[in-house]
Amino acid sequence: MKTPRLRTSLDASPVHLLHRAGQFAAELFADEMGEEGLTPRQYAVLKTIAENEGLSQTGLVERTGIDRSTLADVVRRMQKKGLIQRRRTKQDARAYAVKLSEAGWNALKSADPGASRVDEKLLAALPERRRQEFIDSLVIIMQAASPEEREEAA
């Protein structure tokens, strides 16, 4: 694979390139899921709940990186669709624990193959030998974005 040629100063901007790559990934995801399918955020929420049943909404914020107000809206809409169930936690009566409903498990099971195809399509743009390095680099960026990391750096 050749090194891409810079056309504008934005082509060297990580912020711009990550934004554009995110747009491309979201378009692939929407195409794969269809009109009535899940959004990438909804998929991330379902996947996270499936792997951490009974997690609080605060825990979902921490694990998905979705901001608190957006996550509350996503959870409310998914609850209306019957994909998730919420109940007050035993530890804190103000907090909600979430779990997947049967419809949520079915939606996740249906979406998993499409989400895997999207990942494969995205990685296919890179030479095979650079794919794990790309994922590792994204993980490093995400770790740097965590509140704990930012506090330690200050």
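For the structure, see preceding data.
Residues numbered from 1 in each chain as written. Predicted model: local features only at pLDDT ≥ 70, side-chain atom pairs only at ≥ 80, totals over all residues. Heavy atoms only, no water.

Colleague: Explain the packing of helix H3 (residues 57-64) against helix H4 (residues 68-80) to me, please; I cannot follow it from the model alone.
Modeller: Two measures define how a pair of helices packs: the angle their axes make with one another and the distance between the axes. Running from N to C, H3 and H4 cross one another at 115 degrees; their axes reach a closest spacing of 10 Å. The interaxial crossing formed by H3 with H4 has right-handed handedness. When H3 is examined against H4, the residues Gln57, Thr58, Leu60, Val61 and Thr64 are found in contact with a partner set consisting of Arg68, Leu71, Ala72 and Val75. Of the residues contributing to the contact of H3 with H4, the split by class is 5 nonpolar, 3 polar and 1 charged. (Axes fitted to C-alpha atoms, helices over the stretch in contact; angles between N-to-C directions. Helix = DSSP H or I, 4+ residues; strand = E, 2+ residues; numbered from the N terminus. Left-handed = near helix turned anticlockwise from the far one by under 90°. Contact = heavy atoms within 4.5 Å. Nonpolar A, V, L, I, M, F, W, Y, C, P; charged D, E, K, R; others polar.)

Colleague: What is the right way to look at helix H5 (residues 102-124) in this model?
Modeller: Note on helix geometry: an α-helix contains 3.6 residues per turn, so any two residues three or four positions apart are oriented the same way. Taking 1.5 Å per residue, 23 residues should reach 33 Å; H5 reaches 34 Å between its end C-alpha atoms and fits that length. Among all positions of H5, only Gly104, Ala107, Leu108, Ala111, Gly114, Ala115 and Val118 are buried. Those residues of H5 that are buried lie in contact with helix H1 (14-33), helix H2 (40-51) and strand E2 (96-100). (Expected span 1.5 Å × (residues − 1). Buried < 20%, exposed > 50% of the residue type's maximum accessible area, 1.4 Å probe, protein only.)

Colleague: Looking at this structure, how should I read H1?
Modeller: An ideal rise of 1.5 Å per residue puts 28 Å on 20 residues; H1 measures up with 28 Å between its terminal C-alpha atoms. Looking at the buried residues of H1, the elements they touch are H2 and H5. Following H1 by one or two positions, Gly34 has its phi on the positive side, about 80 degrees.

Colleague: I keep staring at the layout of surface pockets and nothing clicks. Help me out?
Modeller: To find the voids left in a structure, one rolls a probe of water-molecule size over its atoms. If you add up the space inside the second largest pocket, you get close to 170 Å³. Lining the second largest pocket are Met33, Glu36, Gly37, Leu38, Lys81, Leu83, Ala107, Ser110, Ala111 and Gly114. If you tally residues by element for the lining of the second largest pocket, the top one is H5, at 4 residues. Along the lines of polarity and charge, the residues of the lining of the second largest pocket split into 5 nonpolar, 3 polar and 2 charged. (1 Å grid on protein atoms, 1.4 Å probe; cavity = no way out; pocket = protein on both sides within 12 Å on 5 of 7 lines; lining within 4 Å. Points joined across faces, edges and corners; volume = space filled by probe spheres on them.)

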